[in-house]
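Given next are the chains, with one letter for each unit.
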Amino acid sequence: MPSEKERNAYNELSFYTLSHQSPSFIHQLIVDAFAAQCADEQTKPISITFALIGLYLHLEKGFTGKEVQRAHMELAKKKHVWPKIPLPKQRGKITIFSVLQEPDGSKRDAIIECWCESVWEAYKDAHEQIADLLKKSGLKKLSS
């Protein structure tokens with residue numbers, strides 16, 4: 001569970017990403033990176049799984065934030081028993097605080113991408129599990 005300081009930082013970054021002019025919807029990327037990085041034993045399996053699915057789709061399959069959001073909506077329509085994914089001790093070297101240190105614009109956008117990569121790499125033991133789950137999901141865009 002995020003601390004109050006982390007939650008405040010998330011709110012600040014959300015203001016930036018929700019007002020961002022890019023049609024790619026980078027807000028979804030920070031939602032997923034933050035959820036995976038701040039997860040704890042009380043976090044629901046669906047939250048961790050969806051966060052990792054989002055990072056996988058973006059980083060491994062080239063989905064935009066908007067496409068990740070659509071994938072989340074499609075996956076949520078079907079009943080699933082979501083796996084309990086083991087939480088790594090280290091969740092990435094880049095944090096939301098690192099992101100907020102960068103000025104608005106291309107530098108901040110670039111570090112958001114690096115943050116996603118950092119968190120995704122921290123969950124390397126779950127990569128195959130997430131890929132397999134999506135293969136079985138029937139998600140249309142993944143058929144390729």
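Residues numbered from 1 in each chain as written. Predicted model: local features only at pLDDT ≥ 70, side-chain atom pairs only at ≥ 80, totals over all residues. Heavy atoms only, no water.

A. Highlighting the pattern of salt bridges. As enumerated under the stated definition, the model contains two salt bridges in all. In this structure, Glu41 engages Lys84 in a salt bridge whose closest nitrogen and oxygen atoms are separated by 3.4 Å. Taken together, the residues Glu41 in the loop between α2 (27–38) and α3 (45–61) and Lys84 in the loop between α4 (65–76) and α5 (96–101) connect sequence positions 43 residues apart. Here Asp104 makes a salt bridge to Arg108, at a shortest N to O gap of 2.8 Å. Residue class for Arg108 comes out buried when judged on its relative accessible area of 6%. (Salt bridge = Lys/Arg side-chain N within 4 Å of Asp/Glu carboxyl O. Helix = DSSP H or I, 4+ residues; strand = E, 2+ residues; numbered from the N terminus. Buried < 20%, exposed > 50% of the residue type's maximum accessible area, 1.4 Å probe, protein only.)

B. Layout of the nonpolar core. By size, the foremost hydrophobic cluster in this structure holds 43 residues, and its most contacted members are Leu13, Leu52, Ile53, Leu57 and Trp115. Looking at this core, the elements that each hand over two or more residues are α1 (4–18), α2, α3, α4, α5, α6 (106–122) and α7 (127–137). Element by element, the count of residues in this core is highest for α3, at eight residues. Leaving out residues up to four positions away in the same chain, Trp115 has contacts with Leu13, Ile30, Ala33, Phe34, Gln37, Ile94, Thr95, Ile96 and Val99. (Core = buried A, V, L, I, M, F, W, Y, C linked by side-chain atoms within 4.5 Å. Contact = heavy atoms within 4.5 Å.)

C. Spatial organisation of α3. Across its 17 residues, α3 extends 22 Å between first and last C-alpha, which sits within 8% of the 24 Å expected from 1.5 Å per residue. Those residues of α3 lying buried are Ile48, Thr49, Phe50, Ala51, Leu52, Ile53, Gly54, Leu55, Tyr56, Leu57 and His58. Of the surrounding secondary structure, the elements contacted by the buried residues of α3 are α2, α4, α6 and α7. Downstream of α3 by a residue or two, Gly62 has a phi angle that is positive, lying close to 75°. (Expected span 1.5 Å × (residues − 1).)

D. Spotlight on the packing of aromatic side chains. For the coordinates displayed, the defined rule picks out three aromatic pairs. Relative to Phe34, the ring of Tyr10 lies with its centre 4.5 Å away and its plane at 25°, an arrangement referred to as stacked. Of this pair, Tyr10 sits in helix α1 while Phe34 is found in helix α2, placing the two residues 24 residues apart along the sequence. Neither residue differs from the other here; Tyr10 and Phe34 are each classed as buried. With a centroid separation of 5.1 Å and an interplanar angle of 85°, the aromatic rings of Phe50 and Trp82 are classed as edge-to-face. Taken as a pair, Phe50 in helix α3 and Trp82 in the loop between α4 and α5 lie far apart in primary sequence, 32 residues in all. In this pair, the class of Phe50 matches that of Trp82, namely buried. In this arrangement the basic side chain of Lys5 is found over the ring face of Phe97, its NZ or CZ atom lying 5.3 Å from the centre. One residue, Lys66, lies across the ring of Phe25, its end atom 4.8 Å from the ring centre. (Phe/Tyr/Trp six-rings, centres within 6.5 Å; stacked < 30°, edge-to-face > 60°. Lys NZ or Arg CZ within 6 Å of the ring centre and 35° of its normal.)

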